[in-house]
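# Chain and residue survey
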Amino acid sequence: MKRYQPEEILIERGEENTPVVRRTLDHLPDTPVRIVEPGWEREAPPRDGTDSFAAGKRRLLFTRQRSTFLEHCPAGTSGLVCCNYLVVSLISNCPMDCSYCFLQEYLANNPLLKVFTNVEDLMSEVAKAVDRQPWRQFRIGTGELSDSLALDPLLGFSGDLVPFFAARKNVLLEFKTKSDRIEELLKHDPKDRVVVSWSLTPPAIADTEEHGTASFAERLHAAQRVQAAGYKVGFHFDPLIEYPHWEEGYRDTITQVFSAVDPRRVAWVSLGSLRMTPALRAIARRRFPQTRLLSGEQILCDDGKWRTFQALRVKMYRTITAWLKEAAPQAPQYMCMETTPVWEKVFGHAPSCDKDVARMLTQPNLVAS
Ligand code: SF4
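These notes cover the structure that comes with them.

This paragraph deals with the overall build of the protein. Summing up its helical and strand segments, the protein has 14 helices and 18 strands in all. Taking 2.2 N^0.38 as the reference for a compact globule, 369 residues should give roughly 21 Å; the C-alpha atoms of the protein span a radius of gyration of 20 Å, in line with that estimate. Seen through its C-alpha atoms, the protein measures out along the principal axes to roughly 55 × 45 × 35 Å. Long-range pairs, those at least 24 residues apart, make up 78% of the contacts in the protein with a sequence separation of at least 6.

Before going further, it helps to examine the sheet that holds strand S6 (residues 91–92). Pairing within the open sheet is mixed, and its 5 strands lie in the order S2-S1-S3-S8-S6. Two strands in the sheet have a free side with no partner beyond their single neighbour: strand S2 (33–36) and S6. Here 4 bridges tie strand S1 (residues 8–12) to strand S3 (residues 59–63), and the two strands are oriented parallel to one another. By the bridge assignment for S3, isoleucine 9 is matched with leucine 60.

A word on the packing of helix H10 (residues 246–260) against helix H12 (residues 310–327). Where H10 meets H12, the axes come as close as 10 Å, and the angle between the chain directions of the two elements is 25°. Judged by the inter-axis angle, H10 sits roughly parallel to H12. Seen from above, H10 lies across H12 with right-handed handedness. For the pair H10 and H12, the contacting residues are Trp246, Glu247, Tyr250, Arg251, Ile254 and Phe258 in the first and Lys315, Met316, Thr319, Ile320, Trp323, Leu324, Glu326 and Ala327 in the second. Looking at the contact of H10 with H12 residue by residue, the class counts come to 9 nonpolar, 1 polar and 4 charged.

Time to look at the pattern of salt bridges. Scanning the model with the defined rule gives 22 salt bridges in all. A salt bridge links arginine 181 to aspartate 180; its shortest N-O distance comes to 3.7 Å. Look at arginine 181 and you get buried, because its relative accessible area is 13%. For aspartate 238, the salt bridge identified is with arginine 275, shortest N-O distance 3.1 Å. In this pair, aspartate 238 sits in strand S13 (residues 232–240) while arginine 275 sits in strand S15 (residues 275–276), placing the two residues 37 residues apart along the sequence. The two residues aspartate 238 and arginine 275 agree in class, both being buried. One network of salt bridges, in which partners are shared, links Glu8, Arg34 and Arg59.

What follows covers empty space enclosed by the protein. This model, assessed by the stated rule, comprises 3 cavities of 30 Å³ or more. Approximately 110 Å³ is the volume attributed to the largest cavity. Considering only residue class, the lining of the largest cavity consists of 7 nonpolar, 5 polar and 2 charged. Leu240, Ile241, Glu242, Leu274, Arg292, Leu293, Gly296, Glu297, Gln298 and Thr308 are the residues that line the second largest cavity. By residue class, the composition of the lining of the second largest cavity is 4 nonpolar, 3 polar and 3 charged.

Moving on: unusual backbone geometry. The residue after aspartate 238, namely proline 239, is reached through a cis peptide bond having omega 10°. By secondary structure assignment, the location of proline 239 is in strand S13. Despite not being glycine, methionine 337 shows a phi value in the positive range, around 55°. Here methionine 337 is to be found in the loop between strand S18 (333–335) and helix H13 (340–347).

Taking strand neighbours across the sheet as the criterion, the 8 strands line up as S4-S5-S9-S10-S11-S13-S14-S18 in an open arrangement whose pairing is mixed. If you trace the sheet from one side to the other, it starts and ends with strand S4 (71–72) and S18, each paired once. When strand S11 (residues 194–199) meets S13, the two strands line up parallel, connected through 5 bridges. Paired with serine 199 across the strands is histidine 236, a residue of S13. Strands S13 and strand S14 (266–273) of the sheet are contacted by H10, whose axis makes an angle of about 170° with S13. The strands touched by H12 are S13, S14 and S18; relative to S14, the strand with the most contacts, the crossing angle is about 165°.

With that settled, consider the side chain of aspartate 180. Along the chain, the position of aspartate 180 falls in the loop between strand S10 (171–177) and S11. Take aspartate 180: its relative accessible area is 18%, and that puts it in the buried class. With residues up to four places along the chain from it excluded, the contact list for aspartate 180 reads Met1, Ala214, Glu218 and Ala222.

Moving on: the packing of aromatic side chains. Summed over all chains, the structure comprises 6 aromatic pairs. Ring centres of phenylalanine 237 and tyrosine 250 lie 6.4 Å apart, and the angle between their planes is 65°; on these two criteria the pair is classed as edge-to-face. Residue phenylalanine 237 is found in strand S13, and its partner tyrosine 250 is found in helix H10; the two are separated by 13 residues along the sequence. Per residue, the accessibility class of phenylalanine 237 equals that of tyrosine 250, and both read buried. Seen from their ring centres, tryptophan 343 and phenylalanine 347 are 5.2 Å apart, and the 50° between their planes marks the pair as tilted.

Calculation rules
- Residues numbered from 1 in each chain as written.
- Predicted model: local features only at pLDDT ≥ 70, side-chain atom pairs only at ≥ 80, totals over all residues.
- Heavy atoms only, no water.
- Helix = DSSP H or I, 4+ residues; strand = E, 2+ residues; numbered from the N terminus.
- Rg over C-alpha atoms; globule rule 2.2 N^0.38 Å.
- Contact = heavy atoms within 4.5 Å.
- Pairing = 2+ DSSP bridges.
- Axes fitted to C-alpha atoms, helices over the stretch in contact; angles between N-to-C directions.
- Parallel < 35°, antiparallel > 145°, perpendicular 65-115°, else oblique.
- Left-handed = near helix turned anticlockwise from the far one by under 90°.
- Nonpolar A, V, L, I, M, F, W, Y, C, P; charged D, E, K, R; others polar.
- Salt bridge = Lys/Arg side-chain N within 4 Å of Asp/Glu carboxyl O.
- Buried < 20%, exposed > 50% of the residue type's maximum accessible area, 1.4 Å probe, protein only.
- 1 Å grid on protein atoms, 1.4 Å probe; cavity = no way out; pocket = protein on both sides within 12 Å on 5 of 7 lines; lining within 4 Å.
- Points joined across faces, edges and corners; volume = space filled by probe spheres on them.
- Phe/Tyr/Trp six-rings, centres within 6.5 Å; stacked < 30°, edge-to-face > 60°.

Rendered as structure tokens:
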């Protein structure tokens, strides 16, 4: 995949000598740099042009996180089954540009690619939370407001996070990505505490809807390499896309994935239907007029998001979970942002919110590397 090259680097005054800024400037010595005052982005006028979101991605701002890092995954909203996942965001926005990405709406008014410099505050927050409950197993992911690894060769955050999480027995860190930027990861020993997971769609969708991401073949090759280096891997068939010939597409994708990696060392596989708010659909239609994602049979659900209508969604989940069971019988499967009735139709039961799914995903049922 293509290397990220910002047009401009903006550094909040006072953050010039932080490790992440120094690493980035070493990698991008020719990129223009500007020092800005704290809070500058709130006053910065929106850039002219037809696609301010795409323009925002090309401006890299280093700032401090002044609020807390650790949060509950927003998927745990009422009416949907929750897996008790926690998120920490060191980056806000993403160098890639998927046509269905919720950041297009979520960051519409503040689309700079923002990097938080105070990783030590993140680690101290996490340490406080997980060390005082040693009996509880936590899962924490970094891929909520950005791709976890796409910028890792520049920012090098994995060099801070992998040793920190590898030293703790009651927490799994998940890096979620559509990139193949794993070079930094290979320098560290995860001690079985880090899962690197790939979001996958069949190549026909990835090639047309996931702009700037690593190809399906590149993602698979990266998964093979991190697994060989001792990392657990995971896969997210999320968003699950209904398109002509989806059966062949997903069948073939699953066959290729589990021929490439050892299915016995897959930490988890998730599925989640394509879901978009009306506002996000309007943005996607404007930014990607060729997208094929808005033409399927979709309905507006109770949480205000459009999804594939339930009967077809359940058919897709049942079909794909059966293929996954065949290809990777030991890998725990779960659904993201789905209701209890859909869980019951697909798996025959619905878990209790914050115990069953979380327990299933943190049990050490994998063979050793
Ligand atoms: S890789 Fe993820 S965060 Fe980046 S644009 Fe695609 S969906 Fe959004």
